[in-house]
Amino acid sequence: MSSEQKPWGGRFSEATDAFVEAFTASVEFDRRLARHDIQGSIAHAQMLQRIGVLTEKEMHAIVRGLEDIAGDIDRGDFHWSLQLEDVHMNIEARLVDRIGETGKKLHTGRSRNDQVATDLRLYLREAVDLICRDLARLQRALVDLAEREADTIMPGFTHLQTAQPITFGHHLLAWYEMLARDRERLQDCRKRINVMPLGAAALAGSSFPLDRHCTAQLLGFDRPAANSLDAVSDRDFAIEFAACASLLMMHLTRIAEELVLWTSSQFAFVELPDKFCTGSSIMPQKKNPDVPELVRGKAGRVFGHLFGLLTLMKSQPLAYNKDNQEDKEPVFDTVDTLRACLRAFADMVPHIRANRDEMRLAASRGYATATDLADYLVRKGLAFRDAHEVVGKAVRLGVETRRDLAALSLGELQHFCELIDDDVFAVLTLDGSVSARDHFGGTAPIRVREAVAEARRHLPAD
Ligand code: ARG
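Residues numbered from 1 in each chain as written. Predicted model: local features only at pLDDT ≥ 70, side-chain atom pairs only at ≥ 80, totals over all residues. Heavy atoms only, no water.

(A) Spotlight on a nonpolar patch on the surface. Taken together, the side chains of Phe19, Val20 and Phe23 make up a nonpolar region of the molecular surface, amounting to roughly 350 Å² of accessible area. The topology assignment puts Val20 in helix H1 (residues 18-24). Overall, Val20 belongs to the partly exposed group, its relative accessible area being 35%. (Patch = residues over 30% accessible without salt bridge, like charges linked within 9 Å, V, L, I, M, F, W, Y side chains within 5 Å. Areas by Shrake-Rupley, 256 points an atom, 1.4 Å probe, with all protein chains shown as cover. Salt bridge = Lys/Arg side-chain N within 4 Å of Asp/Glu carboxyl O. Helix = DSSP H or I, 4+ residues; strand = E, 2+ residues; numbered from the N terminus. Buried < 20%, exposed > 50% of the residue type's maximum accessible area, 1.4 Å probe, protein only.)

Have a look at this one:
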């Protein structure tokens, strides 16, 4: 087999059409799997030796050859050939070039079908670990910021209308919780990634007595896949990864959206560091929150990849089909996009500056303590629905006279309900309102600090 000849050329009587060759080739993108392909091949060769298919000498020659090729690839000293279609055949041809006839024995008891499925799983397992590390870094940054802003008061929103005062630390820890579930989901998805297809060969298994448990162990897989047809054909693990990735991106867009809103001069709640923003070529005053905007926008491609993968897999008959070659680019792009977004946010979050005065002012403007007044009346003996009615009237007076509840006089308040006393003003303050919500999961600064400590107990060190 000379290096540019098709390893499967034996039964063919004419050369592949030039366009078809380019159309069917995947080497342009699957060369990214080279390291994992070599890792899988080394384990396969070692297993073949243990079961007596390769001699020790042959196995060592193959392993050394593959390691040398890995070095060549790292140095950029590897000619990728389109004629050789994909990463697998490129590396195998190079092995034969390097070590001669022995190289041709590597593919014993194996097919590109179980090979590629194994490569992709090895790749994704590593990618998931890296993403989880990136995620934890962002979570740590959020927890640090939450601690710094545990006492900072801001308006909490429902329907994007001021609802009740909350602490900024509490808000940041809500983001932390979303990401904690994303990390958990990815770790769970990893369990289903970490199952080994190798040994399924083309689809039916091999006539050699392959020790698949041995190969699985060598590669750090939890176990070999239990059914050879399923092992080579399904890409559900990649789809599941894309689904986890989509949920994570969805969460990042929610964070992004709030940052975009909050940096606008209408909110002016936070400031992003200059080095994470850009200006406008025409409007000198502009400082645009490009990083959060771009993260928000990049969700589109990740959601798209999820749908692309689902559609790719849909209706495929058993076992392997060439359709599956289309799984790689969306998976790679999902990994790259996710990692870039996580990095951008993790680098940016420690530099977010809260405009504490603006946040407090905004909270004091929106009748955010109306619920506290209603609760106060309940404690004085009024039914909640009646209390709601009373407070509604007080708010109306506030709106008409452009004053917050705390700015109404005792006399004015008593006009709506004689149960109101001068102890009411304590509950109308923002600090009183947030401190009162001090049960588990509440917004009180004391609970935020507790949640920070709890989060730190769960986060990996680095
Ligand atoms: N490049 C192929 C893929 O990505 C490798 C497996 C090819 N198998 C085959 N029988 N043509 O799926």
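(B) Representation of the site of the ligand. Taken together, the residues surrounding the ligand are Ser26, Asp30, Asp86, His88, Arg112, Asn113, Val116, Tyr320, Gln325 and Lys328. A distance of 2.5 Å is found between an oxygen atom of the ligand and a side-chain nitrogen or oxygen belonging to Tyr320. The element contributing the most residues to the shell around the ligand is helix H6 (residues 112-148), with three residues. (Near = heavy atom within 4 Å. Polar contact = N/O pair within 3.5 Å; in protein donor to acceptor, adjacent residues only side chain to side chain.)

(C) Quick look at the pairing of strand S1 (residues 153-158). Both S1 and strand S2 (residues 161-167) contribute to a ladder of six bridges, which runs antiparallel. If you follow Ile153 over to S2, its bridge partner there is Thr167. The hairpin turn running from S1 into S2, its antiparallel successor, is two residues long, and His159 in that turn takes a positive phi close to 55°. (Pairing = 2+ DSSP bridges.)

(D) Focus on unusual backbone geometry. Note the cis peptide between Leu318 and Ala319, where omega equals 0°. Locating Ala319 in the fold gives a position in the loop between helix H11 (290-313) and helix H12 (328-348). In this structure, His159 is a non-glycine residue whose phi angle is positive, near 55°. Counting through the fold element by element, His159 comes out in the loop between S1 and S2. Using a relative accessible area of 74% as the deciding quantity, one classes His159 as exposed. Phi is positive for Ala201, which is not a glycine, with a value near 55°.

(E) Local environment of helix H3 (residues 34-50). Counted at 1.5 Å a residue, the expected span for H3 with its 17 residues is 24 Å, and the 24 Å between its end C-alpha atoms agrees. Of all the 17 residues making up H3, 12 are buried; the element is thus mostly covered by neighbouring parts of the structure. Listed in full, the buried residues belonging to H3 are Ala34, His36, Asp37, Ile38, Gly40, Ser41, Ile42, Ala43, His44, Ala45, Met47 and Leu48. Looking one or two places after H3, you find Gly52, whose phi comes out positive at around 85°. (Expected span 1.5 Å × (residues − 1).)

(F) Summary view of the side chain of Asp72. Following the sequence through the fold, Asp72 ends up in helix H4 (residues 56-75). In this structure Asp72 comes out as buried when scored by relative accessible area, which is 2%. With residues near it in sequence (within four places) discarded, Asp72 still touches Asp77, Phe78, Arg94 and Arg98. (Contact = heavy atoms within 4.5 Å.)

(G) Main features of the packing of helix H14 (residues 370-379) against helix H15 (residues 384-401). It is at 8 Å that the axes of H14 and H15 come closest, and there the two elements cross at 135°. Relative to H15, H14 is oriented oblique. Crossing of H14 against H15: the hand is right-handed. When H14 is examined against H15, the residues Ala370, Leu373, Ala374, Asp375, Leu377 and Val378 are found in contact with a partner set consisting of Phe384, Ala387, Val390, Val391 and Val395. Residue composition of the contact of H14 with H15, by class: 10 nonpolar, no polar and one charged. (Axes fitted to C-alpha atoms, helices over the stretch in contact; angles between N-to-C directions. Parallel < 35°, antiparallel > 145°, perpendicular 65-115°, else oblique. Left-handed = near helix turned anticlockwise from the far one by under 90°. Nonpolar A, V, L, I, M, F, W, Y, C, P; charged D, E, K, R; others polar.)

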